[in-house]
Amino acid sequence: MRHILLLSFLFICTSVFAQIPYGSNHGKYITIKNAKVYYEEYGQGTPLLLLHGGFGSISNYKHVIGPLSKKYRVIAMDSPGQGRSEQIDSISYQIYADYYSSFIDKLKLDSVYVMGWSDGGNSAYILAYDRPDKVKKVVVSGANSDTDGYPDGALEDMKTWTPETISEEFKEYWLKDFLKLSPNKNNWQKSYMQLKHMWITKEVISDDHLAKIKSKFLIVYGDNDVTKLEHGLHIYRTIKGSQLCILPNTTHFVFTEKPVLISGIIKDFLGK
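These numbers were taken from a predicted model, which means no experiment stands behind them.

Q: When you look at the packing of aromatic side chains in this model, what are you seeing that I'm missing?
A: Two descriptors summarise a pair of aromatic rings, namely the distance from one centre to the other and the angle between the planes of the rings. Applying the stated criterion across every chain, the model contains 20 aromatic pairs. Arranged with centres 4.9 Å apart and planes meeting at 80°, the rings of Phe55 and Trp174 form a pair that is edge-to-face. Taken together, the residues span a long stretch of sequence, with Phe55 in the loop between β3 (47-51) and α1 (65-69) and Trp174 in helix α5 (residues 168-181) at a distance of 119 residues. Neither residue differs from the other here; Phe55 and Trp174 are each classed as buried. Here the aromatic rings of Trp117 and Phe255 are separated by 6.4 Å at their centres, their planes lie at 80°, and the arrangement is edge-to-face. One end of the pair, Trp117, is in strand β5 (residues 112-117); the other, Phe255, is in helix α9 (residues 254-257), with 138 residues separating them in the sequence. Judged by relative accessible area, which is 2%, Phe255 ranks as buried. Each member of the aromatic cluster is reached from another via a ring pair, and the members are Phe55, Trp161, Phe170, Trp174, Phe178, Trp188, Tyr192 and Trp199. The aromatic ring of Tyr99 is capped on one face by Lys33, whose charged end is 5.0 Å from the ring centroid. One Lys or Arg, Arg84, reaches over the ring of Tyr38 and ends 5.2 Å from the middle of that ring.

Q: How should helix α3 (residues 119-130) be read in this particular structure?
A: Residues spaced three or four apart along an α-helix face the same direction, because each turn holds 3.6 residues. In this model, α3 (12 residues) spans 17 Å end to end at C-alpha, consistent with the 16 Å of a helix rising 1.5 Å per residue. Taken across its 12 residues, α3 has 10 buried, putting it largely inside the fold. Residues of α3 that are buried: Asp119, Gly120, Gly121, Asn122, Ser123, Ala124, Tyr125, Ile126, Leu127 and Ala128.

Q: Explanation requested: the nonpolar core in the structure shown.
A: Generally speaking, nonpolar side chains in soluble globular proteins are found buried as a group. Counting residues in hydrophobic clusters, the biggest one holds 57 residues, and the most contacted among them are Phe55, Phe103, Val114, Tyr125, Trp174 and Phe217. The leading source of residues in this core is helix α2 (residues 93-106), at seven residues. Those residues in contact with Phe55, other than ones at most four positions away along the chain, are Gln82, Trp161, Phe170, Tyr173, Trp174, Tyr192, Leu195 and Trp199. Judged by nonpolar contacts, the second largest core, of 28 residues, contains Tyr22, Ala76, Val220 and Leu247.

Q: How should the sheet that holds strand β2 (residues 35-42) be read in this particular structure?
A: Pairing between the strands of a sheet is mediated by backbone hydrogen bonds and can be parallel or antiparallel. An order of β1-β2-β4-β3-β5-β6-β7-β8 is seen for the eight strands of this open sheet, with the pairing classed as mixed. The open sheet has two edge strands with one neighbour each: β1 (28-32) and β8 (243-247). Each strand of the sheet is rotated relative to its neighbour by a mean of 25°, with strand direction disregarded. Across five bridges, the pairing between strand β7 (residues 216-222) and β8 is parallel. Each residue of the ladder has a partner; that of Tyr221, found in β8, is Ile246. Set on the sheet, helix α10 (residues 259-271) makes contact with β3, β5, β6 (135-141), β7 and β8; between it and β6 the angle comes to about 155°.

Q: When you look at the environment of Leu270 in this model, what are you seeing that I'm missing?
A: Here Leu270 is to be found in helix α10. Residue Leu270 is classed as buried on the basis of its relative accessible area of 2%. Put simply, Leu270 and Ile75 are 195 residues apart on the chain and 15 Å apart in space, counted from C-alpha to C-alpha. Non-local contacts of Leu270, meaning those with residues more than four positions away in its chain, are made with Leu48, Tyr72, Tyr113, Lys137 and Val139.

Reading the values: the criteria
Residues numbered from 1 in each chain as written. Predicted model: local features only at pLDDT ≥ 70, side-chain atom pairs only at ≥ 80, totals over all residues. Heavy atoms only, no water. Phe/Tyr/Trp six-rings, centres within 6.5 Å; stacked < 30°, edge-to-face > 60°. Helix = DSSP H or I, 4+ residues; strand = E, 2+ residues; numbered from the N terminus. Buried < 20%, exposed > 50% of the residue type's maximum accessible area, 1.4 Å probe, protein only. Lys NZ or Arg CZ within 6 Å of the ring centre and 35° of its normal. Expected span 1.5 Å × (residues − 1). Core = buried A, V, L, I, M, F, W, Y, C linked by side-chain atoms within 4.5 Å. Contact = heavy atoms within 4.5 Å. Pairing = 2+ DSSP bridges. Axes fitted to C-alpha atoms, helices over the stretch in contact; angles between N-to-C directions.

Okay, here's the thing in structure tokens:
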């Protein structure tokens, strides 16, 4: 969810598929590095850790938690500073990966599958590189390894963002839910600026690190994704043994637009 021009899309996206209401499964908090992090669990089987996108929450996956939980122990968490989780002093893709790594250890998970969308996918690359002992298979959708993957002009646009000029689309899409859920609702400007600064940082993960990843990867994009497909192809060619999937007639929001299709593709990949 990296470009403000795409946000209006969310208001015309509809689905006839059953959804898992956010907060429906008696979520819990776990303390990681002095911050309370919220998570929910569904189903049984191999743990599948879901990492949501920027300015998002567990609700990003509400269309696919049901199908995936029939086969896996789905563990979905709100990243620090987002959803129901507490804010932290600073964030970056590496910091998020460190929190996810600590989360895996605190839950005493022997090994995990990971699914990351957008920002969650960016941090999933780092998590897989850092924790080959734990992360066995990874699905990422709409992720990028540096800002070269952004649409033309998007980076320059992001650099101008301030809390004072937040758009009506962002208020409707993000701020409304943030103020309902967050324990830090009186300091929403902090999360907004932290995410902005993370987005405009040039590098997520180097090609050298991508080339050394040991986890099995499925890299997914919509054919009209916000991330440039040429950039995604570069990542696919850099991670040895990875698989690439381009979903037709689909944008960045694959989990909303094609929940049945993407759920089946994920289960097929993880099941092999």
